[in-house]
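A look at the structure
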2 protein chains.
Amino acid sequence: MFTLAEENYLKALFHLESESKDGVSTNAIALKLKTKPSSATDMIQKLAEKKVVAYQKYKGAFLTKKGKLIAADVIRKHRLWEVFLVEKLNFQWDEVHDIAEQLEHIKSEELITRLDTFLDHPNFDPHGDPIPDENGVIKSSDKKLLSELEENQQGICVGVKQSDSKYLQYLDKLSINIGSKIKVLNVEEFDGSKTIEVGGKSYFISEKSAQNIYVIN
Amino acid sequence: MFTLAEENYLKALFHLESESKDGVSTNAIALKLKTKPSSATDMIQKLAEKKVVAYQKYKGAFLTKKGKLIAADVIRKHRLWEVFLVEKLNFQWDEVHDIAEQLEHIKSEELITRLDTFLDHPNFDPHGDPIPDENGVIKSSDKKLLSELEENQQGICVGVKQSDSKYLQYLDKLSINIGSKIKVLNVEEFDGSKTIEVGGKSYFISEKSAQNIYVIN
DNA sequence: ATATAGTTTTAGACAAGTCTAAAAATAAAA
DNA sequence: TTTTATTTTTAGACTTGTCTAAAACTATAT
Ligand SMILES: [Mn+2]
Ligand SMILES: [Mn+2]
Ligand SMILES: [Mn+2]
Ligand SMILES: [Mn+2]
């Protein structure tokens, strides 16, 4: 069993590791978790003793295979809860992170199994990030930007890049949501703006906006 | 803000207080929370300093008005989550307590407001216990036992007294669930057994079974 | 190559929550 | 009303996770 703090460190490590080839510095961890480097060192040493982190003094830290599994499981829970909050409780995409940060630490296999079923086994969270499966396997997301789609291509919205409230409200006007099917009817050569079809209706969208929307197709 | 441990003590105090006129002993608290009396004393003293508990050495503890509000709020969350687990995730009535024990400490007003709406503002949890409202007010439950109903009376199932798995499975056969409308068609003078109508069908139920089911009418 | 700057680790302290063992207070029995 | 038993509180210790300050190490610059 891992404590809430341990789980948060493992998760941070998982994310930081994917952003750089070599070991994660205690500085980087401290920055991410808003603690001090000395605290990070302490925790990394403890996690190393528990065999979930590989660590050599001054050389940075890596997750072991076991550590990766635990981290992926926490991330799985985080993202499933985010889907729940948006899909079922009608939260906005940018309101859910802090609550999921708490919910991800609830301990119950059965709960997550059932939640996953209840949500219909989603593959992406409301920010377009992939949800690891029960075995910690992450489907590499083939997500691209809506702006990359050409005429007559279509995709399913899986998230947004930046998600401030004003922008989300704008998307609501275009009836764009997670899972929305978006078809590109026309691309304006001049400025890259598009005419799209969502839910039977057609809308106009600027290139800048289209560069902020993730789709899979 | 109150910590997880503080919230658990407040909740225990709330329940214990309703079971005896005078102050709650540190012994009783320790027993309920599976800690030691010395730990309970420490915590009660801290809660007294925070003005949520009224406490005099050797005289037992009471919740203050403020303390009662916080306790009721934790209980509200616990019971709402229990409803969610049973109604939405299809857990059995006896599987939800431990998970709710964790979920009750998630901090977000908005979350609970929305959860309450999502669940259609339930008044009772799956064990028939009333759910405090946003202001900590508990509708005194007029719940009675199914065995107390007379011929042609009806009630809505709000919970069960003892909830072991086997019994719940038996109730499933009678299609009795939280919210089920149960009408008493006939009472057998001889042994108190009843013929009841649930969801259009009629079933036979022994007095012993009927003494285990809570209804309101 | 040596000095300087930046990073990382250690040492020691602290708050929260718990425990054991002992002291103090209360309750029950003689 | 003493003595004895039980309950409750205190004292001191321990764990987890954090912090500051100082020491040790690494990287950079002259
Ligand atoms: Mn978290
Ligand atoms: Mn997310
Ligand atoms: Mn419960
Ligand atoms: Mn609890």
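Look up a bit, the structure's there.
A separate point is the side chain of N212 of chain B. Its place among the elements puts N212 of chain B in the loop between α8 (207–210) and β8 (213–216). Those residues in contact with N212 of chain B, other than ones at most four positions away along the chain, are G159, V160, K161, Q162 and Y167 of chain B.

What follows deals with the coordination of the manganese ion (ligand 3). Residue and element names in this part refer to chain B. Protein ligation of the manganese ion (ligand 3) involves H78 (NE2), E82 (OE) and H97 (ND1), the donor distances falling in the range 2.1 to 2.3 Å. Of note, the donors binding the manganese ion (ligand 3) are all from one chain and are spaced H-x3-E-x14-H. Remark: E82 and H78 occur in helix α4 (residues 65–87); sequence separation between them is four residues, near one turn of the helix. The class of H78 is buried, set by a relative accessible area of 6%. On the basis of relative accessibility, which here comes to 1%, the residue E82 falls in the buried class.

A few words on the pairing of strand β6 (residues 194–198) of chain A. Here is the key point about a regular strand: its side chains alternate between the two faces of the sheet. Residue and element names in this part refer to chain A. Because side chains alternate across β6, one face comprises the buried residues K194, I196 and V198, and the other comprises T195 and E197, none of which is buried. As judged from the five bridges shared by strand β5 (residues 181–187) and β6, these two strands associate in the antiparallel manner. Paired with K183 across the bridge in β6 is E197. Connecting β5 to the next strand, β6, in antiparallel fashion are six residues, including G192 with a positive phi near 75 degrees.

Around DNA strand C sit 21 residues, and of these N27, Q45 and Y55 of chain A together with T3 and K46 of chain B come closest. In the environment of DNA strand C, a base oxygen lies 3.1 Å from a nitrogen or oxygen atom belonging to the side chain of S38 of chain B. S39 of chain B is positioned such that a nitrogen or oxygen atom in its side chain is 2.8 Å from a phosphate oxygen of DNA strand C. Those elements giving two or more residues to the surface near DNA strand C turn out to be α2 (26–33) and α3 (37–49) of chain A together with α1 (4–17) and α3 (37–49) of chain B. For the surface near DNA strand C, the leading source of residues is α3 of chain B, giving five residues. For the surface near DNA strand C, the per-class residue count stands at seven nonpolar, ten polar and four charged.

Residue and element names in this part refer to chain A. Taken in spatial order, the six strands make up an open sheet running β3-β8-β4-β5-β6-β7, and their pairing is antiparallel. Lying at the two open borders of the sheet, with one neighbouring strand each, are β3 (144–145) and β7 (201–205). Pairing of strand β4 (residues 154–160) with β5 involves three bridges; the strand directions are antiparallel. Directly across from Q154, in β5, lies its bridge partner K183.

Residues and elements named next belong to chain A. Among the surface-exposed residues, E151, E188, E189, D191 and E207 lie close enough to one another that they form a single negatively charged patch. Topologically, D191 is positioned in the loop between β5 and β6. Its relative accessible area of 35% is what places D191 among the partly exposed residues.

With that out of the way, let us pick up the interface of chain A and chain B. Contacts between chain A and chain B engage 20 residues on the former and 20 residues on the latter. When chain A packs against chain B, the two sides together hide about 1,600 Å² of surface, and 74% of this comes from carbon and sulfur. Together, L89, Q102 and R114 of chain A form the three largest contributors to the area buried by chain A at its contact with chain B, with a combined 32%. A per-element tally of the side of chain A that touches chain B places helix α6 (residues 109–118) of chain A first, with five residues. Across the side of chain A that touches chain B, the residue classes break down as eleven nonpolar, four polar and five charged.

What follows is about the coordination of the manganese ion (ligand 2). Residues and elements named next belong to chain A. Bound to the manganese ion (ligand 2) on the protein side are E82 (OE), D125 (OD) and H127 (ND1), at distances that span 2.1 to 2.5 Å. Mapped onto the polypeptide sequence, the residues donating to the manganese ion (ligand 2) form the spacing pattern E-x42-D-x1-H. Looking at H127, the relative accessible area reads 17%, which means it is buried.

Our next topic: the sheet that holds strand β3 (residues 144–145) of chain B. Residues and elements named next belong to chain B. Spatial strand order, β3-β8-β4-β5-β6-β7: six strands in an open sheet with antiparallel pairing. Across the chains shown, the open sheet's two edge strands, defined by having one partner strand only, are β3 and β7 (201–205). As defined by bridge partners, β3 adjoins β8 across two bridges and the pair is classed as antiparallel. Bridging across to β8, K144 finds its partner in V215.

Superposing chain A onto chain B takes a rotation of 180 degrees combined with a translation of 0.0 Å along the rotation axis, leaving an RMSD of 0.1 Å. Such values leave the two copies arranged in the relation of a two-fold axis. The position closest to the rotation axis in chain A is occupied by the C-alpha of L103 of chain A, lying 3.8 Å away. Mapped onto chain B, 100% of the interface residues of chain A are again interface residues, and the two copies thus contact each other with one and the same surface.

Reading guide: rules and limits
- Residues numbered from 1 in each chain as written.
- Chains lettered and ligands numbered in written order.
- Predicted model: local features only at pLDDT ≥ 70, side-chain atom pairs only at ≥ 80, totals over all residues.
- Heavy atoms only, no water.
- Helix = DSSP H or I, 4+ residues; strand = E, 2+ residues; numbered from the N terminus.
- Contact = heavy atoms within 4.5 Å.
- Donors = N, O, S within 2.8 Å, 3.2 Å for Na, K, Ca; no water.
- Buried < 20%, exposed > 50% of the residue type's maximum accessible area, 1.4 Å probe, protein only.
- Pairing = 2+ DSSP bridges.
- Near = heavy atom within 4 Å.
- Polar contact = N/O pair within 3.5 Å; in protein donor to acceptor, adjacent residues only side chain to side chain.
- Nonpolar A, V, L, I, M, F, W, Y, C, P; charged D, E, K, R; others polar.
- Patch = residues over 30% accessible without salt bridge, like charges linked within 9 Å, V, L, I, M, F, W, Y side chains within 5 Å.
- Areas by Shrake-Rupley, 256 points an atom, 1.4 Å probe, with all protein chains shown as cover.
- Salt bridge = Lys/Arg side-chain N within 4 Å of Asp/Glu carboxyl O.
- Lys, Arg positive; Asp, Glu negative; His and termini not counted.
- Charge placed at Lys NZ, Arg CZ, Asp CG, Glu CD.
- Buried area = accessible area lost by both parts, 1.4 Å probe.
- Least-squares fit on C-alpha atoms with pLDDT ≥ 70 in both.

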